[in-house]
Amino acid sequence: MTILPCAYFPSVSYFAALLRGDAVIDLGEHYIKRSERNRAVILTAAGEMQLTAQVRRANRPRQPMQSIELDYSKRWQKQHWGALVAAYKASPFFDHYAPFIEPFFQREYRTLVELNLAILQTLCTLLGVAMPTTSESYITAEEGDLDLRPKQKGPTFVADPYIQVFDEVFHPDLSILDLLFNAGPDANAVVRRCRFEY
């Protein structure tokens, strides 16, 4: 089984894990600050940049993931979309995918889970992959499971390189948006060539 957190514009490794099959998104876990649950990493002219969806009461310990509400007081949606346009406007497929992505920065969702699942549904459709199932209760990982929830190091992700707009050094595990905007219809094949090494 592949156990995934509910992620904000997930990484390439997230989709590589999802494509292993038998993937489940654990909605019964606790929220972990400074993680993929509300952060995505993109590539800009200045290097890697984190986009953080602002949430309410992020410092409270052991909050159920499903109870995390979004905070729109800091106008992070406008900042995120501006950063994406600045970073990817020159990429080959930005204009094709932008109409599917921009609405997430124009509508307000109440919870982080609601936003993340809506994003994931759209990304799965664009990549031509099945939406994984979700679990309302915490999933206990068993031996042999690929568990991407913990912050500690798991198996090593080995990316299949593709052409990126910025930098001569390949950045292997950015948000799937980087791959979509740069590789377009080939994104699915690129993800399928990625692997995990134990």
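This one's a predicted model, so the numbers in the text were calculated from it and none came from an experiment.

Visitor: Sorry, what's going on with the pattern of salt bridges here?
Guide: If the charged atoms of two oppositely charged side chains come close together, the side chains can form a pair. Across all of its chains, the model carries nine salt bridges by this definition. The salt bridge involving E114 is made with R107; its shortest N-O contact spans 3.5 Å. Taking relative accessible area as the criterion, R107 reaches 43% and is therefore assigned partly exposed. Ionic pairing is found between R193 and D160, a salt bridge with its closest N-O pair at 2.8 Å. Placement of the pair is R193 in helix α6 (residues 187–193) and D160 in the loop between β7 (156–158) and α5 (176–183), with a sequence separation of 33 residues. Through salt bridges that share partners, D26, D147 and R149 make up one connected network.

Visitor: I keep staring at the pairing of strand β3 (residues 39–44) and nothing clicks. Help me out?
Guide: Residues in a regular strand point their side chains to alternate faces of the sheet. Sheet topology places β3 next to strand β4 (residues 47–52); six bridges connect them, and they run antiparallel. Its bridge partner being in β4, A40 is matched across the sheet by L51. Joining the antiparallel neighbours β3 and β4 is a turn of two residues.

Visitor: What should I look at first to understand the packing of aromatic side chains in this one?
Guide: Geometrically, a pair of aromatic rings is defined through the distance of the ring centres and the angle of the planes. Counted according to the given criterion, the structure contains 13 aromatic pairs. Members of the aromatic cluster, connected to one another through ring pairs, are Y8, F9, Y72, W76, W81, Y88, F94, F104, F105, Y109 and F181. Lying over the aromatic face of Y109, R107 brings its terminal NZ or CZ to 4.1 Å of the ring centre.

Visitor: For this particular structure, what's the right way to read the nonpolar core?
Guide: The nonpolar side chains of soluble globular proteins are, as a tendency, buried together. Ranked by internal contacts, the top residues of the largest apolar core, which has 63 residues, are Y8, F9 and F15. When residues of this core are traced back to their parent elements, those giving at least two are α1 (12–18), β2 (23–26), β3, α2 (76–88), α3 (94–101), α4 (112–127), α5 and α6. When residues in this core are grouped by element, the largest group, eight residues, is from α4.

Visitor: I would appreciate a short explanation of the sheet that holds strand β1 (residues 2–4) in the present structure.
Guide: Strand pairing in a sheet relies on backbone hydrogen bonds. The paired strands run either parallel or antiparallel. One open sheet accounts for four strands, arranged β5-β2-β1-β6; its pairing is parallel. Of all strands in the sheet, those bounded by a partner on one side alone are β5 (133–135) and β6 (146–147). Both β1 and β2 contribute to a ladder of three bridges, which runs parallel. Looking across to β2, one finds that L4 is bridged to I25.

Visitor: Could you clarify how one ought to interpret α2 in this entry?
Guide: An α-helix turns once per 3.6 residues; consequently, residues spaced three or four apart project the same way. Its 13 residues place the ends of α2 18 Å apart at the C-alpha level, agreeing with the 18 Å of an ideal helix rising 1.5 Å per residue. For α2, the secondary structure elements touched by its buried residues are β3, β4, α3, α4 and α5.

Conventions we followed
- Residues numbered from 1 in each chain as written.
- Predicted model: local features only at pLDDT ≥ 70, side-chain atom pairs only at ≥ 80, totals over all residues.
- Heavy atoms only, no water.
- Salt bridge = Lys/Arg side-chain N within 4 Å of Asp/Glu carboxyl O.
- Buried < 20%, exposed > 50% of the residue type's maximum accessible area, 1.4 Å probe, protein only.
- Helix = DSSP H or I, 4+ residues; strand = E, 2+ residues; numbered from the N terminus.
- Pairing = 2+ DSSP bridges.
- Phe/Tyr/Trp six-rings, centres within 6.5 Å; stacked < 30°, edge-to-face > 60°.
- Lys NZ or Arg CZ within 6 Å of the ring centre and 35° of its normal.
- Core = buried A, V, L, I, M, F, W, Y, C linked by side-chain atoms within 4.5 Å.
- Expected span 1.5 Å × (residues − 1).
- Contact = heavy atoms within 4.5 Å.

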